[in-house]
Amino acid sequence: MLDDETITNPHRLLPTVTPRSYRLSIHPDIDENSFRGEVEIETEATSDVSEIVLHSSGLTVTRATVNGIDAAVVLAPDREQMTLSASVSAGQSALIAIDYEGVFNEKLVGFYLSHFTDDHGVPQTMATTQFEAPYARMAFPCWDEPAYKASFEISVTAPEGLDAVSNSAEVERTPNSDGSVLIRFAPTMVMSTYLVAWVIGPLEFSETRMVNGTPLRVVSRPGLGSMSQFALDAAEFALGYFADYFGVAYPGDKVDLIGIPDFAFGAMENLGCITFREAILMVDPAITTQVEMQRSVDVVNHELAHMWFGDLVTMSWWNGIWLNEAFATFMEMKCTDAFRPQWNRWADFGVSRTAAFSTDALASTRPIEFSVQTPQDSEGMFDVLTYEKGAAVVRMLEQHLGEATFREGLRSYMAKHAFGNTETTDLWDAIEDSAGQPVRGMMDDWIFQGGFPLVTVKAGKDSVTLTQSRFMNLDGDATTDGPTEAPVWQTPLRYRRGRGADVTTDSVVLGSQPLKLDLGEHEWILINAEAASFVRVSYPPALLESLAALPLDQLSDVERYGLIDDAWASVLAGSNSSTAFLTLLESMAAETERPVWQRIIAGLSRLNRLVSTDARADFATIAHDILSPMLANLGLTPVLDEPDANRQLRADLVKAMGTIASDPDVQTECQRTVSVGRRDPSLVDPSLLAAAISVAAHVGDEVDFNDFASMYRTSSNPQEQLRYLYSLSTFPSQELTKRLLSMILSGSIRSQNAPFALRFAMENRVGGGVTWDFIKEHWDRLLQMFASGSISRMLEGLPSLDTPEYVADAQAFVDAHPVPQAEKQLQQILEKQRISTQLRLRESERLSDFVGR
Ligand code: BES
Ligand code: ZN
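Residue positions are counted from 1 within each chain, in the order its sequence is given. Chains and ligands are labelled sequentially in the order written, the chains with letters from A and the ligands with numbers from 1. It should be noted that, the model being predicted, local features are given only for residues of pLDDT at least 70 and side-chain atom pairs only at 80 or more, the latter also being counted only at that level, while totals for whole chains, interfaces and linings use all residues. Side-chain metrics rest on all non-hydrogen atoms present in the structure, leaving aside hydrogens and water.

**A word on the sheet that holds strand E10 (residues 123-130)**
Line of reasoning, step 1. Strand pairing follows a simple DSSP-based rule, namely that at least 2 bridges must link the two strands. Only DSSP runs of H or I covering at least 4 residues are called helices, and only runs of E covering at least 2 are called strands; the numbering of each starts at the N terminus. Spatial ordering of the open sheet is given by E9-E10-E15-E12, a layout of four strands whose pairing is antiparallel. Only two strands of the sheet have a single partner each, and these edge strands are strand E9 (110-117) and strand E12 (163-166). Sheet twist, expressed as the average angle between the axes of neighbouring strands with direction ignored, equals 15 degrees.
Line of reasoning, step 2. Alignment of E12 against strand E15 (residues 198-201), held across four bridges, turns out to be antiparallel. Note on method: axes are straight lines fitted to C-alpha atoms, helices fitted across the in-contact stretch only, with angles between N-to-C directions ranging 0 to 180 degrees.

Structure follows, in structure tokens:
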């Protein structure tokens, strides 16, 4: 099970004594900010030992025994380990019992408190857990590595008036004389410590739905119960979908989805006790945008996919986290697509792939999988390369093999490794067995090398020749090391060509050698059909023009999205000009589909940041010309029974029209919409209201700021609250930005949201500079306030500060203030800042002259 590297790694536990089952009792004292616990661990020795080493962090041991005999305890805080002295011989079992005390964690990991005010204005508290990656050790002594699976029998003392849930079904409640209750839960299946969870608080439970015999509920703080139906519907569908897809029944005995007011991540896949950011789970469809609803379904699906892929079958060590997350991200989209086909989920995946491409085009990218020494190292893996590139690569393999063949492989993997731990290669083995063809070599190319290919198309007579090279951005910084050897990928590619009504699709695998495709007579050829492969494509101008000129029904929306996306990437890479890109956008204004419009609008928004102040009015006119025909088609107000996508598209266009195109009529209309929506949000289409809030903030004054800030404080709807909060980052005034910054410092914005508010404020053209000054000035305080994973999220706003002065300043600041848990992400952010700056130096003047022509 363990290799040599593991045995010499001081952070890893040796498998000389291993846990079978835990019996754990937890007693919180919320008023005292502390808790007590008792744990009994049944273990087995595989060799003779005189001491037992397990994890523990920040806990005080009051008593420890092994097989009933007192054991001396030595703590090693730097390694987060404790050593018990006890002799156990090989083959013997040992019962370890430890009584301990701890205090609640302040940074939303381990065992922590979450606060909220109830409907009567009374402050209330939940005590909840977040154990991934290495934080179970903060709540109880344990073998806190994913391979040490065990069964957990958990009991919790819920203080008077509070309730509790954990991973498994409740089996018993015993009232205590002080008004508290001891709640005992059934033993769980064998599972990893990072999936253990409990939530204690005033809780409201939805109805229970039975899905294939498994009880399903949504749990929240009291008062939000009316917003639980949407997630229940989604989860009911997903549980059925995954049991069928994986060919294995849900492995636990119940499922609770729980909304937590303070939560560091989006959601966490604790077996049967899945915790969420409240605004993701609790949804009132009457006032929620389609984007927010889709996000909610995605996240529910993602965590439920983990019940199988992650919880039932688990990576042996944290280097495997990428597969866990990439796979759940892939399954999430499959399931969302099945749940609401009209949302066109795979087309939306284009947007996430863009984000993955833009990081993976950097010199400072990384391979998807890398070796991880300490669990802390794995924190750097939770990024767009793991989730989005990883999911894209899994999708590419699925499309290459065919969905049915791929699924057969998955089913045999699940059956074979249920309740066990795996390495990435175990999945390839299972897929190779069922597909009857090799996939490991191909997948290794994608997983162990950073970057991705640019497929260059050369036109011949009745043929094209494809070659690949690594796609790289241009940051003008000679000190950045590029790749030393030209990497090669085995790239599965589908291509489609057409001549009149005659359209044919074929597949090839492109390697290091140029590949000639004999096409016969054809009028156009599209490489990377349905954008199924993780590549960008460069066409000769004539081929590209023939594609852009095709009627809309010849190319799918992801494919049209890809044409624009690749064109913008070539501007960033310095092989195309911003003016040519603008011309392409102008030529695509007959577009009808939302995903493609999203890309057009994102392109306009980037160009808008590039044009000089003098040329901005002219640019607004051009943007106006591009946007207005489609907006006129849709109309400014929603139409009865129109498709969801139209409502969202209208909102996207209105937002762009009111901001990038500065249309005064649209701005006035948005202000009117907001004043209606503030009184009663259900009177306005939710997507339109969200867009109107953005536009109104974009041109807002102090009165609006005060109104929006008070909406944020008083709204009881989680999504509405966030919309108003984040709008505060976008007001066109340094004074108002400073008001937001002081709200952050005073703690009146939850630490889970403040990093994002800061990021958006850095992206504010007027307030970005003062925000960056604020971050530098209050750095230590912010580090103290925010969860460690959110520091890099905050700094993602830096690339918007795109001048050589800011580049130098940011680099110097980061050099002096390293963020060890996000070193890689910071390199990437700084490189993106350099790229934006180079882009401005190269293109700003040319673009400004062009739009003023
Ligand atoms: N396992 C993760 C949560 C997590 C992330 C724990 C990082 C510890 C460190 C969970 O399954 C997840 O991926 N959550 C995402 C939401 C998801 C839908 C993309 C998140 O929290 O952002
Ligand atoms: Zn996940």
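Still more to cover.
**Brief notes about the coordination of the zinc ion (ligand 2)**
Line of reasoning, step 1. Ligation of the zinc ion (ligand 2) by protein atoms is provided by His302 (NE2), His306 (NE2) and Glu325 (OE), these donors lying 1.8 to 2.1 Å from the ion.
Line of reasoning, step 2. Any N, O or S atom lying within 2.8 Å of the metal counts as a donor, with the limit raised to 3.2 Å for Na, K and Ca; because water is left out of the atom set, some sites can appear incomplete. For the zinc ion (ligand 2), the donor residues sit on a single chain with the sequence spacing H-x3-H-x18-E. On the criterion of sequence distance, the pair formed by His302 in helix H4 (residues 290-308) and Glu325 in helix H5 (residues 321-339) is long-range, its members being 23 residues apart.
Line of reasoning, step 3. Residue exposure (1.4 Å probe, protein chains only): buried if accessible area is under 20% of the type maximum, exposed if over 50%, otherwise partly exposed. Accessibility expressed as a relative area gives 7% for His302, which makes it buried.
Line of reasoning, step 4. Glu325 gets classed as buried once you look at its relative accessible area, which sits at 2%.

**Quick look at the packing of helix H12 (residues 557-572) against helix H27 (residues 823-851)**
Line of reasoning, step 1. Put simply, H12 and H27 touch, their axes get as near as 10 Å, and they point 85 degrees apart. Put simply, H12 runs roughly perpendicular to H27. Counting all contacts with H12, which are made through Trp568, Val571 and Leu572, the residues of H27 involved are Ile835, Leu839 and Arg842.
Line of reasoning, step 2. All residues other than Ala, Val, Leu, Ile, Met, Phe, Trp, Tyr, Cys, Pro, Asp, Glu, Lys and Arg, Gly among them, are scored as polar; the first ten of these are nonpolar and the last four charged. For the contact of H12 with H27, the residue count by class is five nonpolar, no polar and one charged. For classification purposes, an angle smaller than 35 degrees is called roughly parallel, one larger than 145 roughly antiparallel, one from 65 to 115 roughly perpendicular, and anything else oblique. By definition, residues are in contact when any of their heavy atoms lie within 4.5 Å.

**Describing the site of ligand 1**
Line of reasoning, step 1. Around ligand 1, 14 residues are found, and the nearest of them are Glu132, Gly266, Glu269, Glu303 and Tyr387.
Line of reasoning, step 2. Think of a polar contact as two N or O atoms within 3.5 Å of one another; within protein, one of them needs to be a possible hydrogen donor and the other a possible acceptor, and neighboring residues in sequence only count if both atoms come from side chains. One nitrogen or oxygen atom from the side chain of Glu132 is found 2.7 Å from a nitrogen atom belonging to ligand 1.
Line of reasoning, step 3. Contact distances for ligand 1 include 2.6 Å between a nitrogen atom and a side-chain N or O atom of Glu269.
Line of reasoning, step 4. Note on areas: Shrake-Rupley with a 1.4 Å probe; residue coverage comes only from the protein chains shown. In isolation ligand 1 has 510 Å² of accessible area, and contact with the protein removes 88% of it.
Line of reasoning, step 5. At the level of secondary structure, the elements contributing two or more residues to the shell around ligand 1 comprise strand E20 (267-268) and H4.
Line of reasoning, step 6. In terms of residues, the shell around ligand 1 owes the most to one element, H4, which gives four residues.
Line of reasoning, step 7. Considered class by class, the residues forming the shell around ligand 1 number six nonpolar, four polar and four charged. The criterion for a residue being near a molecule or strand is simple. One of its heavy atoms has to lie within 4 Å of it.

**Remarks on helix H9 (residues 424-435)**
Line of reasoning, step 1. In this analysis, the expected span of each helix is defined as 1.5 Å times one less than the number of residues it contains. Taking 1.5 Å of rise per residue, the 12 residues of H9 would be expected to cover 16 Å, and the 17 Å separating its terminal C-alpha atoms lies within 8% of that figure.
Line of reasoning, step 2. Along H9, the residues that are buried comprise Thr424, Leu427, Trp428, Ala430, Ile431, Glu432 and Ala435.
Line of reasoning, step 3. Contacts made by the buried residues of H9 are with H5, helix H7 (384-401), helix H8 (403-417), strand E23 (421-422) and helix H10 (440-447).

**Comments concerning the side chain of Ser206**
Line of reasoning, step 1. Within the fold, Ser206 resides in the loop between strand E16 (204-205) and strand E17 (209-211).
Line of reasoning, step 2. Sequence-distant contacts of Ser206, that is, excluding residues within four places in its chain, are made with Arg217, Val218, Ser228 and Leu232.

**Re the pattern of salt bridges**
Line of reasoning, step 1. Any Lys or Arg side-chain nitrogen found within 4 Å of a carboxyl oxygen on Asp or Glu counts as a salt bridge. Taken as a whole and assessed by the stated rule, the structure comprises 55 salt bridges.
Line of reasoning, step 2. Counted as one network, the salt bridges with shared partners bring together Arg23, Glu40, Glu153, Glu172 and Arg184.

**Some points on the environment of Phe330**
Line of reasoning, step 1. Tracing the sequence through the fold places Phe330 in helix H5.
Line of reasoning, step 2. Classification of Phe330 by relative accessible area gives buried; the value is 0%.
Line of reasoning, step 3. Distance from Phe330 to Val394, taken between C-alpha atoms, is 7.0 Å for residues 64 residues apart in sequence.
Line of reasoning, step 4. With residues up to four places along the chain from it excluded, the contact list for Phe330 reads Trp346, Ala391, Val394, Arg395, Glu398 and Phe406.

**A short note on the packing of aromatic side chains**
Line of reasoning, step 1. Any two of the Phe, Tyr and Trp rings considered here, Trp counted by its six-membered ring, make a pair once their centres fall within 6.5 Å; the pair's planes then place it as stacked at under 30 degrees, edge-to-face at over 60, or tilted in between. Evaluation of the coordinates by the stated rule reveals 41 aromatic pairs.
Line of reasoning, step 2. Plain terms: the ring middles of Phe382 and Tyr387 are 6.4 Å apart, the flat faces sit at 45 degrees to each other, and that makes the pair tilted.
Line of reasoning, step 3. Counting as a charge over the ring demands two things of the Lys NZ or Arg CZ atom: a distance within 6 Å of the ring centre and an angle within 35 degrees of the ring normal. In this arrangement the basic side chain of Arg395 is found over the ring face of Trp346, its NZ or CZ atom lying 3.6 Å from the centre.

**What about the sheet that holds strand E6 (residues 73-76)?**
Line of reasoning, step 1. Strand order in the open sheet made by the three strands is E3-E7-E6, with antiparallel pairing throughout. Of all the strands in the sheet, the pair left with one neighbour each is strand E3 (49-55) and E6. Averaged over neighbouring strand pairs, the angle between their axes works out to 30 degrees when direction is ignored.
Line of reasoning, step 2. Bridge count for E3 against strand E7 (residues 81-88) is six bridges, and the pairing is antiparallel. Looking across to E7, one finds that Leu54 is bridged to Met82.

**Looking at unusual backbone geometry**
Line of reasoning, step 1. Of note, the amide linkage connecting Glu132 to Ala133 takes the cis form, showing an omega dihedral of -5 degrees.
Line of reasoning, step 2. Tracing the backbone shows Ala133 in the loop between E10 and strand E11 (151-158).
Line of reasoning, step 3. We note that Asn212 has phi near 45 degrees; this positive angle belongs to a residue other than glycine.
Line of reasoning, step 4. The phi torsion at Asn528 lies on the positive side, around 70 degrees, for a residue other than glycine.
Line of reasoning, step 5. Checked against the element boundaries, Asn528 lands in the loop between strand E29 (524-527) and strand E30 (536-538).
Line of reasoning, step 6. For Asn528, a relative accessible area of 7% gives the class buried.

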